[in-house]
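Read off the chains here:
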Amino acid sequence: MSKPCQCSIIGTGSYMPSKVLTNDDLSKMVETSDEWITTRTGIKERRIAADDETTSDMATAAAKQALEAAGVKPEELDLIVVATVTPDMFFPSTACLVQSKLGAKNAIGFDISAACSGFLYALQAARHFLNGGPRMTALVIGAEKLSSLINWKDRNTCVLFGDGAGAVVVRRDDRKTAPGRVLSTVMGSDGTLADLLKVPGGGSACPITAENVALRPNTIYMEGRETFKHAVTRMYQASLDALEQAGVKAEDVKLVIPHQANARIISAIAERLNVPPERTFINVDKYGNTSAATIPVALDEAQRSGRLKSGDILLLVAFGGGFTWASSVVAW
Ligand SMILES: CC(C)(COP(=O)(O)OP(=O)(O)OC[C@H]1O[C@@H](n2cnc3c(N)ncnc32)[C@H](O)[C@@H]1OP(=O)(O)O)[C@@H](O)C(=O)NCCC(=O)NCCS
């Protein structure tokens, strides 16, 4: 693959649905407790989209905020990439639906499926698309309505996930000191471990039929303990690789913005990197795991709360179904 061009994140946005589902609410639905969920995951509550609220609705709301923050009009967009495993439908892509809702008539759009690593995969895809060609400005979105894939009777998974969307506007900018520039990205995949985390049904391998519908094959299945181990190992190594590629030391990182699946995974990575807790961003307590949305939502919250200063080195790192993993270093 060609080397990606210099690209900068010039605006961020996010949208979280208003409905809050607490651990206590869940303990009335399955045999669980606030104590179990909090100690094992760090999650206290999550947001659940309204029945008529789609992934593209949430993506569009986050995108509007990011465009406003960047001072970019929808017609100026050349590219829209949406990372999601919960598209509104198989096709058209969620990106095309967002294009229509924004009125971004000059943009091309497509989706990326890389589960919880999707946002960083999409960011890297946008960097390559902006490389050398006529395209200058991209919208990169992570958006999920995971509540549509949850088996609300399975306590192993239903307590972990939530809905939401985050977005960034990315612009080609060859200046070596441009704010928000992406310094490095590393990515990896291991399809031999696909069975550990998946939604087995609803696709062409196992269409939903009248006979199998009661087995709920269209909901999330996860071997949590195995997934946990791979997540820590891969996210740590990807972080080291992205730092090395960027020529940055872990001690120079001002804020680690990791995928938010489990507070214990996040602290295990921070410990290995020797980054203190105050330089690690955590909002999994409020939102649970929103898959591709976690990193852009966290980035937007960090930015809007004034936690990011110009020039800060950020380390973004993700892991998800596939398995997939990715890490990027950004100079804010
Ligand atoms: C899912 C996860 C929180 C489970 O924590 P864990 O400490 O590994 O717990 P286990 O899965 O070993 O389960 C321990 C026990 O708790 C029970 N349990 C599972 N979910 C429960 C719940 N919501 N409430 C109460 N008990 C629960 C299990 O049935 C098991 O009981 P048993 O010992 O009698 O069989 C953790 O493995 C995890 O976060 N995994 C990775 C998540 C992740 O990264 N996912 C996606 C990457 S994007």
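Predicted, not measured: the structure shown is a model, and the values here were computed from it.

What counts and how
- Residues numbered from 1 in each chain as written.
- Predicted model: local features only at pLDDT ≥ 70, side-chain atom pairs only at ≥ 80, totals over all residues.
- Heavy atoms only, no water.
- Axes fitted to C-alpha atoms, helices over the stretch in contact; angles between N-to-C directions.
- Helix = DSSP H or I, 4+ residues; strand = E, 2+ residues; numbered from the N terminus.
- Parallel < 35°, antiparallel > 145°, perpendicular 65-115°, else oblique.
- Left-handed = near helix turned anticlockwise from the far one by under 90°.
- Contact = heavy atoms within 4.5 Å.
- Core = buried A, V, L, I, M, F, W, Y, C linked by side-chain atoms within 4.5 Å.
- Buried < 20%, exposed > 50% of the residue type's maximum accessible area, 1.4 Å probe, protein only.
- Domains from an automatic or database assignment.

Visitor: Could you give me a rundown of the packing of helix 3 (residues 55–70) against helix 4 (residues 94–102), with the residues and numbers involved?
Guide: One way to put it is that helix 3 packs onto helix 4 with a least axis distance of 9 Å and a crossing angle of 55 degrees. In terms of their interaxial angle, helix 3 and helix 4 are classed as oblique. Once helix 3 is placed against helix 4, the crossing between them reads as right-handed. Facing helix 3, whose interface residues are Thr55, Ser56, Asp57, Ala59, Thr60, Ala63, Lys64 and Leu67, helix 4 presents Thr94, Leu97, Val98, Lys101 and Leu102.

Visitor: Report on the nonpolar core, specifying residues and quantitative values.
Guide: One finds Met235, Leu243, Leu315 and Val329 to be the most contacted residues of the largest nonpolar core, which totals 42 residues. Secondary-structure elements contributing two or more residues to this core are helix 7 (224–246), helix 8 (263–273), strand 12 (313–320) and strand 13 (324–331). If you tally residues by element for this core, the top one is helix 7, at six residues. Among the domains, domain 1 (7–172) and domain 2 (181–331) are the pair contributing at least three residues each to this core. Each residue touching Val329, except ones within four places of it in the same chain, is listed here: Arg181, Val182, Leu183, Ser184, Ala242, Leu243, Ala246, Val248, Ile313, Leu314 and Leu315. The next biggest cluster of nonpolar side chains, apart from the first, holds 35 residues, and it includes Tyr121, Val170, Ala292 and Ala326.

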